[in-house]
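# Summary of the model geometry
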Amino acid sequence: MHSFEEVSSNLESEFENNSQAALAKMMNLEPNIHQLIYHHVSDIKMVKGKGIFVYDSEDNRYIDCAAATFNLSLGYGHSEVLQAVKEQAEQLIHVTSTFQTDPINAVVRKLVEVSPENLTLVHPKVSSGSVANEGAIKIAQRYTGKRDVITLFRSHLGQTMMMTSMSGNAFRKEPFPNLFPGSIQVPDPYCHRCFYKQKPKTCDFLCVERIHDFIEYGSSGSVACIVVEPISGNGGNIVPPPGYFQALKKLCDEQGIILIFDEIQTGIGRTGKMFAAEHFGVQPNIITAAKGLGGTGFQFAAILTEERLGGLEGHHHSFTYGSNVLAAAAAAKTLDIVSQPQFLKNVEIVGKYIMERLRKMQEKYTFISDVRGVGLMIGVEISDAEGNPNTALTNYIAEVAMKRGLIIRTSRYGYGNVFKIRPPLIITLEESEQLCDLLEKVLTEVG
């Protein structure tokens, strides 16, 4: 019996314009999955997960330091969430968001309860973090009657065309000829590599002060909102210095600009607080939440706003799978679990332990130029001997870590020089020790 490759080779001249997948279909052969799936996938096939661990088809175990896509706040297969979903599935899986349901009502009430006190309205008819951020911008534009959006250099915001247009990183925008206008990117509060060559103790928040100039000279004169991640997710885990957000909020209040916190990654306990806004001691006008809201992998997102910002009609921003009842059951149970003081305390304790271990590694390995983070939102910056970003080594560390049973992701889709430590929030102190021991072995190997 001829192999797929042999048949394909023999027919190549006759069907030179056909793909291997098309040839396989014609010959009733089963093509390799790489020939069918649009995006790149690893050769590794994952088959099960439990807690912070995921297992492949060869029964190799990995500690997942990325919590899947930073969304498994309660890890793989959390029993309480799965039970809540199972019970809900026996009653009602989905109904149009025109109607009330117990799970949606529970999520809305709980989000208002655990968010900053100025946020009293919840918009749950969104289906992802990208869509939540778009909705928040629409709300700000409708309320202010203005149009421009200010974001940061390394901001992510999402993958829709609107969010791609308004995010940082030119490489994300390069392939697309028709981008949304009306956004301005300004420097991050990146003290380790300050855009303005300043020091935190003496800069007097120049990165905030200069936003006045961007508004004066780089905008249309009609700025609706500033969208900022309290700690940058994809952008390198940049943690703003104390006082930064107070200065930014003051600027927004003076200019009549809506301050939006994109807490897609930082929210739902990731920093040891329910929302990072609490950690930084500031009340934004809007918070967007997603990812960790699903607890163990269910898709749920929401926009939290001040009462004065209500009134955006449903036909302006609502989605079929927004307010999904099954996902809401998972989100409601997740919020119950994460909001417990002892749960959030564990995030602080474990995060502190990992940070202490990483700082000891920084003393040992000269290519670690910075360790920064809050709770379990941690980043490790890798640099060369001259202190320049070392992207190649960063990616190599992630590659070796995978081979050694440690899943870590790097910043800026592999273009950055920071690897991230963001395991599920249920990680124990003992498991954190395993994680750090394994990481140290990886660093020794690559060093």
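Further remarks concern the packing of helix 5 (residues 102-114) against helix 13 (residues 325-338). The packing of two helices is summarised by the inter-axis angle and the distance between the axes. One can describe the packing of helix 5 onto helix 13 by two numbers: an axis separation of 8 Å at closest approach and a directional angle of 35 degrees. Here helix 5 and helix 13 pass one another in a crossing that is left-handed. Together, Pro-103, Ile-104, Ala-106, Val-107, Lys-110 and Leu-111 of helix 5 and Val-325, Ala-328, Ala-329, Ala-331, Ala-332, Leu-335 and Asp-336 of helix 13 make up the contact between the two elements.

Looking now at the nonpolar core. Counting 95 residues, the largest nonpolar core has Ile-397 and Ile-421 as the members making the most contacts within it. Residue contacts for Ile-421: discarding those within four places in its chain leaves Cys-65, Ile-354, Leu-358, Leu-376, Met-377, Ile-378, Ile-408, Leu-435 and Leu-439. Judged by nonpolar contacts, the second largest core, of 24 residues, contains Val-126, Ala-140, Met-166 and Ile-286.

Sheet strands line up and pair through hydrogen bonds in the backbone, either parallel or antiparallel. The 4 strands lie next to each other as 1-2-3-13, forming an open sheet whose pairing is mixed. The outermost strands of the open sheet, each flanked by one partner alone, are strand 1 (46-50) and strand 13 (406-407). As paired elements, strand 1 and strand 2 (residues 53-56) share 4 bridges and run antiparallel to each other. Paired with Gly-49 across the bridge in strand 2 is Val-54.

Enumeration according to the criterion identifies 16 salt bridges in this entry. Lys-345 is the partner of Glu-348 in a salt bridge, and the nearest nitrogen-oxygen pair spans 3.9 Å. Of this pair, Glu-348 and Lys-345 both sit in helix 14 (residues 341-364), 3 residues apart, which is roughly one turn of the helix. The salt bridge partner of Lys-364 is Glu-440, with a shortest N-O separation of 3.6 Å. Here the residue Lys-364 occupies a position in helix 14, and Glu-440 occupies one in helix 16 (residues 429-446), the gap between them amounting to 76 residues. Connected through shared salt-bridge partners, Arg-193, Asp-370, Arg-372 and Glu-381 make up one network.

Once that is clear, we can look at the sheet that holds strand 6 (residues 183-186). One open sheet holds the 7 strands; their spatial order is 4-10-9-8-7-5-6, and the pairing between them is mixed. Every interior strand has two partners, whereas the edge strands, strand 4 (121-126) and strand 6, have only one. Averaged over all pairs of adjacent strands, the angle between their axes in this sheet comes to 20 degrees, without regard to strand direction. Relative to strand 10 (residues 301-305), strand 9 (residues 286-289) runs antiparallel, the two being bridged by 4 bridges. Residue pairing for strand 10: Ala-289 is matched across the bridge by Ala-302. Each of strand 4 and strand 10 is contacted by helix 5, which is oriented at about 135 degrees to strand 4, the strand it contacts most.

Definitions and limits used
- Position numbers for residues count from 1 along each chain, tracking the sequence in the order it is written.
- The predicted origin of the model limits local features to residues at a pLDDT of at least 70 and limits the giving and counting of side-chain atom pairs to 80 or more, whereas totals for whole chains, interfaces and linings rest on all residues.
- Excluded from the side-chain calculations are hydrogens and water; all other atoms, namely the structure's heavy atoms, are used.
- Lines fitted to the C-alpha atoms define the axes, with helices restricted to the stretch that makes contact. Angles between their N-to-C directions range from 0 to 180 degrees.
- Going along the chain from the N terminus, every DSSP run of H or I of four or more residues is numbered as a helix, and every run of E of two or more is numbered as a strand.
- Left-handed describes a crossing whose near helix is turned anticlockwise from the far helix through less than a right angle; right-handed describes the clockwise counterpart.
- Contacts are assigned to residue pairs that have any heavy atoms within 4.5 Å of one another.
- Definition of nonpolar core: a set of buried residues of the types Ala, Val, Leu, Ile, Met, Phe, Trp, Tyr and Cys, connected through side-chain atoms within 4.5 Å.
- Each residue gets one of three labels from its accessible area relative to the maximum for its type: buried under 20%, exposed over 50%, partly exposed in between, using a 1.4 Å probe on protein chains only.
- Between any two strands, pairing holds if DSSP finds at least two bridges.
- When a carboxyl oxygen of Asp or Glu lies within 4 Å of a side-chain nitrogen of Lys or Arg, that pair is called a salt bridge.

By themselves, these figures tell us nothing about what the structure is for.
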